[in-house]
Protein chains: 4
Amino acid sequence: MSVVVSGLQRAYDEVRQHSLALAEPLSAEDQGVQSMPDASPTKWHLAHTTWFFETVVLKPHAPGYRPFDERYAYLFNSYYEALGPRHARPQRGLLTRPSLDDVHAYRRHVDEAVAALIAKADADTLASVEPLVTLGLHHEQQHQELIVTDMLHAFSCNPLRPAYRPGSSHGSDKRHEAASSAPARAQALEWLRHDGGVVGIGHDGDGFCFDNECPRHEYLLRPYEIAHRLATCGEYAAFIEDGGYERPELWLSDGWAAIRREGWNAPIYWSREGDAPDGNWQVFGLTGLQALDPDAPVSNLSFYEAAAYAEWAGARLPTEFEWEAAFDAPGIEQMTGHVWQWTRSSYDPYPGFRPLAGVAAEYNGKFMVGQQVLRGGSIATPPGHTRPTYRNFFPPAARWQFTGVRLVRDL
Amino acid sequence: MSVVVSGLQRAYDEVRQHSLALAEPLSAEDQGVQSMPDASPTKWHLAHTTWFFETVVLKPHAPGYRPFDERYAYLFNSYYEALGPRHARPQRGLLTRPSLDDVHAYRRHVDEAVAALIAKADADTLASVEPLVTLGLHHEQQHQELIVTDMLHAFSCNPLRPAYRPGSSHGSDKRHEAASSAPARAQALEWLRHDGGVVGIGHDGDGFCFDNECPRHEYLLRPYEIAHRLATCGEYAAFIEDGGYERPELWLSDGWAAIRREGWNAPIYWSREGDAPDGNWQVFGLTGLQALDPDAPVSNLSFYEAAAYAEWAGARLPTEFEWEAAFDAPGIEQMTGHVWQWTRSSYDPYPGFRPLAGVAAEYNGKFMVGQQVLRGGSIATPPGHTRPTYRNFFPPAARWQFTGVRLVRDL
Amino acid sequence: MSVVVSGLQRAYDEVRQHSLALAEPLSAEDQGVQSMPDASPTKWHLAHTTWFFETVVLKPHAPGYRPFDERYAYLFNSYYEALGPRHARPQRGLLTRPSLDDVHAYRRHVDEAVAALIAKADADTLASVEPLVTLGLHHEQQHQELIVTDMLHAFSCNPLRPAYRPGSSHGSDKRHEAASSAPARAQALEWLRHDGGVVGIGHDGDGFCFDNECPRHEYLLRPYEIAHRLATCGEYAAFIEDGGYERPELWLSDGWAAIRREGWNAPIYWSREGDAPDGNWQVFGLTGLQALDPDAPVSNLSFYEAAAYAEWAGARLPTEFEWEAAFDAPGIEQMTGHVWQWTRSSYDPYPGFRPLAGVAAEYNGKFMVGQQVLRGGSIATPPGHTRPTYRNFFPPAARWQFTGVRLVRDL
Amino acid sequence: MSVVVSGLQRAYDEVRQHSLALAEPLSAEDQGVQSMPDASPTKWHLAHTTWFFETVVLKPHAPGYRPFDERYAYLFNSYYEALGPRHARPQRGLLTRPSLDDVHAYRRHVDEAVAALIAKADADTLASVEPLVTLGLHHEQQHQELIVTDMLHAFSCNPLRPAYRPGSSHGSDKRHEAASSAPARAQALEWLRHDGGVVGIGHDGDGFCFDNECPRHEYLLRPYEIAHRLATCGEYAAFIEDGGYERPELWLSDGWAAIRREGWNAPIYWSREGDAPDGNWQVFGLTGLQALDPDAPVSNLSFYEAAAYAEWAGARLPTEFEWEAAFDAPGIEQMTGHVWQWTRSSYDPYPGFRPLAGVAAEYNGKFMVGQQVLRGGSIATPPGHTRPTYRNFFPPAARWQFTGVRLVRDL
């Protein structure tokens, strides 16, 4: 039992500390900003993840727990209808109070109560609490990724183009270094064949997973071949050069409407040097504005752009089943750690899917319409968070995440 | 060959005549109105379907064909990017000119040219033309359904609540009579079991189908049971009575947001007698405003409402695969001719799907994102138009179509 | 008394007949269209003006009057809060029923009842009724102008560019002919001096006027000089040529924002021949699309455009007081019958203004904020409708009326 | 000369210091927030006013001046078209960089340069510079008022309802104390008579004024009587109690549309205790949420609400001319220091008005449409800023300023 306890506490400490580390390069002013309704302030992420532990773990399971501030339940609930009313999402950036210092104190208050709960828990309590704490940690990791992507978006709206991580080579995030110091030249694209047939899809029950990865079930695939690596910035630039954003036959109807309406003619963070029509491409990222690296995986695409690129390339996007079945294919690379990969699968429930009980019922199932599944994991995904069966999802127009393309072809 | 010719010409005449019959109860004023961007005026439907024959059949295949009016190409193109620019969709109701008489003359001009083309065609020409004419007829049938549903919506916006078909029992549409004179009492719901396993899905190549029904492929189903009939108005009224529109736990997140934002608290054409909070339900339909018939299939639901109802009923919506596999199940009823049935399947391409070549490439594939599949057919679907493999699709918030619910449960 | 009676009846007949004459070139389809929320269908104008007589004259004063259709009160009230709820303004174009024939029958029904009321009225009744009938006639004349301007806007939205009055020289409206056959060449602009001082402003009580023209009062003017004629299309084209729509220093802040937001770069009905950037100017009007006449008064300007033009011309717009004081100045021309003339006066109440009693209270006063005063009268103003003291008003962005510019300078 | 210099420098120091004092109760987080497009962050106000001195005084007049940061010209220009492009107004809240510390450094940099310029200026330079510095100080005072009103609005959006000045009685602003410790009971309303006739309006040239107060000119008034004090919260509560927000006949048409559309049923900062329909009124203000003081002047009204209240009270709003003519009337009170007072005058140019030359041309004139004049001054107006001839202006729907009502009646 003490092994479970110490492991749980260690995991808790690591994840909680990682959130603070991500916020460390940011001022209190930075941490309060919300650049669009889909994004949230860093301070809000820090508080909301704390509220989750308070609400799901402490209030039901820690006798005598005294909330840090009763009003925070209203401020820091995100979308849980069962947990009462909440502050309007587009107004999270208006919460200059509580201050960042208050939020730090809130985190400490909850951290101490969780530690005390874990330390004193008997076997029964631990059996109830451990899955909830674990869920809370995976939940916090999801918000860690959002801290990075939301802040990048906010900085992209600032004409000064501030860098989240000013020097490119001394980040605290080792995995990112690995990614960014990856092969100087992208390899020639190879196609890996899969013969199709019945494959097992979904989580097999070993270790943590979200409810949307279950139940594991059989799925019948047709033969296909899959790209051994991600599409690159250089390849995407060739798509643009070839009139990609001007040719309606390459686009889904909603995608064409979106790029016309929004005036999109390149990925969200791409710009031309000096704003000249033929200036060299520059890409805004965590290290600021940099010259485009043609060998780096293309990132921050919407589903619409990913699908149009695939059409132009004479290929298509993989279904999530094809992607999962190819995860361990010999020779396959960049399946995680670079960009989330758009799939041609709508975010539908697996056959036999049932939401978790209790508050976690609202975690996944209620979002299963109007979104596309992404697979893999990005430079902003925290270590240990993702899995081959992990189903990320975003609306097809979303492009502020680190999202890219892997191609597939029918055989 | 002459059999083909005479059969094709007969089919052409029947379909074209049916459009005019549907418009017959409507004045020229009625036929010009557009009540929302998603709907179109009857006059526009009559002209657009004609433009389709002119553009796809006559211009490429009838030597010396002289267009009725060159400007109509701009006015009556719907969404075909490959066929040039077009009048903005939300402004179709502003086209008081050409007049309805002009549109009738346009139809005659094209009908004569098509008849002449068919009559004189040699074998090669006929081989090219026959599939295009057939496509044009199925296309026109789709617009026939829209003539009815769009007009019903326009009349629903008129405080006088005009009836498309004033007396309820003397319509020209036999199938509708059949539907409306159906069993006075809905039968007790029975559940029909399906054992799952590999089933064939999609069109088998015999007769006409749209590209989105292909290729036929195998699909692996889990066991389930399906309702032998549609959900009724009485059952849906019980859902409302039980607070259905007030309980977020029953709704998909986008659905809950939609009903809050739009103020929906009943199906689009339901109202309370005298606008009293506890007045009896009335339903606006093709015969005007009528007392709710508790045994009639519930209709004009959005996907969100259909899914919430199913959740409340302790069941779920069928996938399109489950629906298709159950089409011929012994004891199953109301699979077509009443309402289109929302499925829990997003409108994704079948494995191996390729769009048709040429202009028809824009027919289906480019809409495959953000929509839900519906199966079956409604009281407004023209005779002979639908099939068991037919995939209709609409966005999840659409509710001006005749759309309802059939339940399914896991086993 | 019989003179009053016969005069009133004759005036009634003339005005009511003129409305039908204006609608005569239009089909039933044309008469049902509403091209924007600010405009109304011709059919609606024909019915609303009839409703006004029914509501204000017949219901209170004609014993035993039976309304044509009780539901019309809801359909054809425009904005009179005191007269109950009404159909939403932007949805007037959806009223395909009642039909145009029904509306004609409605007009005849009311016309007969009014005639009977006038014929049988005793002196007391006539004293009550005569001012209301007269108000109704002036009200109908206002809608006669709107029939023309609203229809022109609807036709301008139709790519076929239909002409309201196809041949330019056989209109039924004599005044318009006079206007359009006016001096072939505009005269050199002359400035007419006014010495300022105390002038009388507003209606002096002789004959009909609206409440907003009262009370007549004294106003203190500074010396100014006023253009003897209107600004011409040729002069306005020179403003455009000189970068008028690209120079923010010429514009009011709201005006600059409006032209940027809306993409305006010329008056609403101007276009370039062949849509070429340097094509000759064409102007869409009642006779269809015509080459720009450089000597014709410029028309269909917003207040913002009028004010920017005046700034560019080194002058300004007149206040409504300056305009009224110059009405009879020797040598002044084009004060009415061509375009309404934007003034630099906001539409504020005159000192001592009190709205009329009863329903007419809502006629003018409640609109006295956010609008600009226009003076004069246009080619669409019915004969005998306007006066030197007449205060027309529209929001500063409105440009679908026949609205132009007369310049003024300080001395 | 040295007297001018020392006076100018002292004025500069006082005004600049007052801005910092106003920001002093606010954290860096608070100072970054923008709660609506019409409001700006405190930090932005601090920087923009500094940019004004840099751009208008230093760049043209201080040889060798080196801008603090060239990029700030883009970030901190507000609306001056002549001074180049600028950051979009609704996005001012996204500027987490430059930091508040950077903005403080920017202020010091400019303050030192201005001081050096003044100290070393010869007579000619001083003659050029002094009016510009003075303009800059009055400009900064306008933004001081906005710092307070914008922050109050931001705090009103925060469910925690933070107080700008937590204890009610220890503010640094003496005038505010005076105002809030004003007469415990409002006096019975008295009407002060004015006989009308020709009065002088506008600034007489003695001391600083804005261009919109000129030229001084004669205006002819009719007799009227004016309330000796402002309308109170208690009187306004009676208006609400009497159905004020439910009676269309009291409202201007645009006002009625606004309150329906926005759901307004009380002044912006009024709420009911416990959100109960009959709870006692509470008012959110600089000291937080307080019980309504029936004797305090009603504040934070839109023009629409002010006009409806006046109509209900059997009176009307004064014209700006009536207000100015009554400024020194014996017995009149609360003409400044409490709330800005809406007038029934649109913000039109005075006869003979010409904008200032140079950059200041954009200061007032270009806003002269679609706004209403306010007179007086509020608790947030800095000491010495306003004058009897001062013309403040806001759109009629604005209600986040300290704006109230003084009544007038015709005689």
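Digging into the relation of the copies chain D and chain C
Argument step 1. With an RMSD of 0.0 Å, chain D superimposes on chain C once it is rotated by 180 degrees and translated 0.0 Å along the axis. Given the turn and translation reported, the copies of this chain are related as if by a two-fold rotation axis. Taking C-alpha positions as the reference, the residue of chain D nearest the rotation axis is Gly370(D), at 2.5 Å.
Argument step 2. Here 100% of the contact residues of chain D are again contact residues in chain C; the copies associate through an equivalent surface.

Some thoughts on the confidence of the model for chain A
Regions with low pLDDT should not have their predicted coordinates read in detail.
Residues and elements named next belong to chain A.
Argument step 1. With 95% of its residues at a pLDDT of at least 70, chain A reaches an overall mean of 93.
Argument step 2. Across residues 169-183, where pLDDT falls below 50, the model places 16 contacts with residues more than four positions away in sequence or in other chains.
Argument step 3. We note a pTM of 0.95 for the whole complex and an ipTM of 0.94 for its interfaces.

Considerations on the packing of helix H2 (residues 42-61) of chain B against helix H5 (residues 123-156) of chain B
Residues and elements named next belong to chain B.
Argument step 1. Two elements in contact, H2 and H5, have axes separated by 9 Å at closest approach and are oriented at 170 degrees. It follows from the interaxial angle that H2 and H5 lie roughly antiparallel.
Argument step 2. Class assignment for the residues of the contact of H2 with H5 results in 14 nonpolar, nine polar and two charged.

Re the packing of aromatic side chains
Argument step 1. A complete count under the given rule lists 138 aromatic pairs over all chains for this structure.
Argument step 2. Considering the side-chain rings of Tyr79(B) and Phe367(B), the 4.9 Å spacing of their centres and the 85 degrees angle between planes classify their relative orientation as edge-to-face. Of this pair, Tyr79(B) sits in the loop between helix H3 (72-76) and helix H4 (100-120) while Phe367(B) sits in the loop between strand S8 (340-346) and strand S9 (372-376), and the two are 288 residues apart along the sequence.
Argument step 3. With relative accessibility at 25%, the residue Tyr79(B) sits in the partly exposed group.
Argument step 4. Taking NZ or CZ as reference, Arg272(A) lies 3.7 Å from the ring centre of Trp281(A), over its face.

Regarding the interface of chain D and chain A
Interface size is commonly expressed as the accessible area that is lost once the parts come together.
Argument step 1. Chain D puts 28 residues into the contact, and the matching count from chain A is 28 residues.
Argument step 2. Across the chain D to chain A interface the summed buried area is about 2300 Å²; carbon plus sulfur atoms make up 59%.
Argument step 3. Of all residues in chain D, the largest losses of buried area upon contact with chain A belong to Glu29(D), Arg97(D) and Leu160(D), amounting jointly to 33% of the total for that side.
Argument step 4. On the surface where chain D and chain A come into contact, there are four salt bridges.
Argument step 5. Note that Glu29(D) and Lys43(A) form a salt bridge whose closest N and O atoms lie 2.8 Å from each other.
Argument step 6. Summed over the shared surface of chain D and chain A, the number is ten residue pairs in polar contact (both at pLDDT 80 or more).

A word on the sheet that holds strand S7 (residues 288-291) of chain D
All names here are of chain D.
Argument step 1. Reading across the sheet, the three strands line up as S5-S6-S7 and stay open at both edges, with antiparallel pairing between neighbours. The open sheet has two edge strands with one neighbour each: strand S5 (270-272) and S7. Averaged over all pairs of adjacent strands, the angle between their axes in this sheet comes to 35 degrees, without regard to strand direction.
Argument step 2. In terms of strand pairing, S5 meets strand S6 (residues 281-285) through three bridges, oriented antiparallel. The residue bridging Ser271 from the neighbouring strand is Gln282, located in S6.
Argument step 3. Each of S5 and S6 touches helix H8 (residues 233-241); the most contacted strand, S5, lies at about 60 degrees to it.

Focus on the environment of Leu22(D)
All names here are of chain D.
Argument step 1. Within the secondary structure, Leu22 sits in helix H1 (residues 2-23).
Argument step 2. Classification of Leu22 as buried rests on a relative accessible area of 9%.
Argument step 3. Along the sequence, Leu22 and Tyr164 sit 142 residues apart, while their C-alpha atoms lie 9.7 Å from each other.
Argument step 4. Filtering out sequence-adjacent residues up to four positions away, Leu22 remains in contact with Gln144, Ile147, Val148 and Tyr164.

Some remarks on the pattern of salt bridges
Residue and element names in this part refer to chain C.
Argument step 1. For the structure shown, the criterion picks out 96 salt bridges over all chains.
Argument step 2. Notably, a salt bridge pairs Glu213 with Arg387, separated by 2.6 Å at the nearest N-O pair. One end of the pair, Glu213, is in the loop between strand S2 (197-201) and strand S3 (217-221); the other, Arg387, is in the loop between strand S9 (372-376) and strand S10 (392-394), and 174 residues separate them in sequence. With respect to class, Glu213 is no different from Arg387; both count as buried.

Looking at the relation of the copies chain D and chain A
Argument step 1. It takes a turn of 180 degrees to lay chain D on chain A, together with a shift of 0.1 Å along the axis; the resulting RMSD is 0.0 Å.
Argument step 2. A share of 100% of the interface residues of chain D reappears at the interface of chain A, consistent with the copies meeting face to face through the same patch.

A few points about the interface of chain D and chain C
Argument step 1. With 34 residues of chain D at the interface, the matching set in chain C holds 34 residues.
Argument step 2. Between chain D and chain C, a total of about 2500 Å² is buried, with carbon and sulfur atoms accounting for 54% of that surface.
Argument step 3. Considering only the surface of chain D that becomes buried against chain C, Leu220(D), Arg222(D) and Val369(D) emerge as the three largest contributors, covering 23% of it.
Argument step 4. At the junction of chain D and chain C, the tally comes to two salt bridges.
Argument step 5. One salt bridge connects Arg344(C) with Asp348(D), and the closest N-O pair in it is separated by 3.8 Å.
Argument step 6. Inspection of the region where chain D meets chain C yields nine residue pairs in polar contact (both at pLDDT 80 or more).
Argument step 7. When contributions to the side of chain D that touches chain C are tallied by element, the ones reaching two or more residues are strand S3 (217-221), helix H9 (253-262), helix H10 (303-312) and strand S8 (340-346) of chain D.
Argument step 8. When residues of the side of chain D that touches chain C are assigned to their parent elements, the largest contribution, four residues, is made by S3(D).
Argument step 9. Of the residues assigned to the side of chain D that touches chain C, the class counts are 16 nonpolar, seven polar and eleven charged.

The rules behind the values
- Residues numbered from 1 in each chain as written.
- Chains lettered and ligands numbered in written order.
- Predicted model: local features only at pLDDT ≥ 70, side-chain atom pairs only at ≥ 80, totals over all residues.
- Heavy atoms only, no water.
- Least-squares fit on C-alpha atoms with pLDDT ≥ 70 in both.
- Contact = heavy atoms within 4.5 Å.
- pLDDT = per-residue confidence, 0-100.
- Axes fitted to C-alpha atoms, helices over the stretch in contact; angles between N-to-C directions.
- Helix = DSSP H or I, 4+ residues; strand = E, 2+ residues; numbered from the N terminus.
- Parallel < 35°, antiparallel > 145°, perpendicular 65-115°, else oblique.
- Nonpolar A, V, L, I, M, F, W, Y, C, P; charged D, E, K, R; others polar.
- Phe/Tyr/Trp six-rings, centres within 6.5 Å; stacked < 30°, edge-to-face > 60°.
- Buried < 20%, exposed > 50% of the residue type's maximum accessible area, 1.4 Å probe, protein only.
- Lys NZ or Arg CZ within 6 Å of the ring centre and 35° of its normal.
- Buried area = accessible area lost by both parts, 1.4 Å probe.
- Salt bridge = Lys/Arg side-chain N within 4 Å of Asp/Glu carboxyl O.
- Polar contact = N/O pair within 3.5 Å; in protein donor to acceptor, adjacent residues only side chain to side chain.
- Pairing = 2+ DSSP bridges.

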